[in-house]
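As a plain string of letters, each chain reads:
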Amino acid sequence: FLGIGTIIGMPVAEHARLHVFSSGAGYDGLANWAGRDVRYRCVRGPLSARLLGLEAEAALSDGAILTPLAEGFPSAAGGGGETLVIPHYETIARPGWPEAAGLCGFGLVDPRGAPGDIVARIAAARLVLTESLHGAIIADTYGVPWIAFATSKNFGPTKWVDWRQSLGEEFQFTVVPPPDARHVLDFGRAPWPIGAEVSMDAEAAMAAFRARVAPAAAPGPPRGGLRQRLKSLARASALARRLLGFSVERTAAALTMLALTARPSGSSAAKRAEIQQRMLERLHSVAA
């Protein structure tokens, strides 16, 4: 049983039959599961359905929309709380986020923490600034305004557009400088200028997916040895990383401006309730 996450095509144990429920495509090649009996009960959105050649009714939404109905989680938003910053789980492993959030006076959420604690903080927030897709999904599910941002090439827009289109909404995000150059040394610079407000449609998201999962080129002669050595030196030296132009202060200023000026995203409460009902019905049919 494969549930929430961008996990379609991911390496899994050698089970003959896979049941997919509300997960999506975006990171792995779809041919990876060839030869298995894969039963798509529902997928995250219309892009996943399109990539897999499924009927339109297979696209419901991300299963995290059921969180308020699950035992142990808040049933409704608290509201009026703090502004939260939620980096991607790989991004937050790099330096600078606690310091940047502290300079802004914002709360920082580590998405690697306990789900109950994370969801409770998001449900009680006033505003969520998030690089994490599920930071946005949980905020949206509880009706908390949210703003998406990207810091490096590690940002995967396909999954975001897939989810947003399941709700009948468009997707926009802003490029924010990371607090330390290690983010771009490890993942590469974002393919959009820092400060850019980017709108992403279905075709652009599909192109991003194809580029991400394109077969690797045949190995050629070694190249870039000097560049790799310079990158290794920069990773090891905080001064060298700062000379590349990234800093905690620059990130804090960008996040503050984002919270003040960007238009928060959200979705229709009626639409979410409709999807929740349809997803519960689909889940009960799987259980049966």
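Everything discussed here concerns the structure shown above.
Everything numeric here is computed off the predicted structure, so don't read it as measured data.

Visitor: I would appreciate a short explanation of the packing of helix H5 (residues 157–166) against helix H7 (residues 202–213) in the present structure.
Guide: To describe two helices that pack against each other, one gives the angle between their axes and the distance between the axes. Orientation of H5 relative to H7, taken along the N-to-C sense of each, is 145°, at an axis distance of 8 Å. Two packed elements cross with a definite hand, and for H5 against H7 that hand is left-handed. Within the contact between the two elements, H5 uses Pro157, Thr158, Val161 and Gln165 and H7 uses Ala202, Ala205, Ala208 and Phe209.

Visitor: Sorry, what's going on with the side chain of Asp180 here?
Guide: In this fold, Asp180 is placed in the loop between strand S7 (171–175) and helix H6 (182–187). Of note is the side chain of Asp180, whose polar atom sits 2.8 Å from the backbone nitrogen of Arg182.

Visitor: How do you make sense of the pattern of salt bridges when you look at a structure like this?
Guide: Side chains that carry opposite charge are capable of pairing whenever their charged atoms lie near each other. Scanning the entire structure with this criterion turns up eleven salt bridges. Measuring nitrogen to oxygen at the nearest pair gives 2.9 Å for the salt bridge that ties Asp186 to Arg94. Remark: Arg94 occurs in the loop between strand S3 (83–86) and helix H2 (97–104) and Asp186 occurs in helix H6; sequence separation between them is 92 residues. The class of Asp186 is partly exposed, set by a relative accessible area of 28%. Connected via shared salt-bridge partners are Arg17, Asp37 and Arg39.

Thresholds applied
Residues numbered from 1 in each chain as written. Predicted model: local features only at pLDDT ≥ 70, side-chain atom pairs only at ≥ 80, totals over all residues. Heavy atoms only, no water. Axes fitted to C-alpha atoms, helices over the stretch in contact; angles between N-to-C directions. Helix = DSSP H or I, 4+ residues; strand = E, 2+ residues; numbered from the N terminus. Left-handed = near helix turned anticlockwise from the far one by under 90°. Contact = heavy atoms within 4.5 Å. Polar contact = N/O pair within 3.5 Å; in protein donor to acceptor, adjacent residues only side chain to side chain. Salt bridge = Lys/Arg side-chain N within 4 Å of Asp/Glu carboxyl O. Buried < 20%, exposed > 50% of the residue type's maximum accessible area, 1.4 Å probe, protein only.

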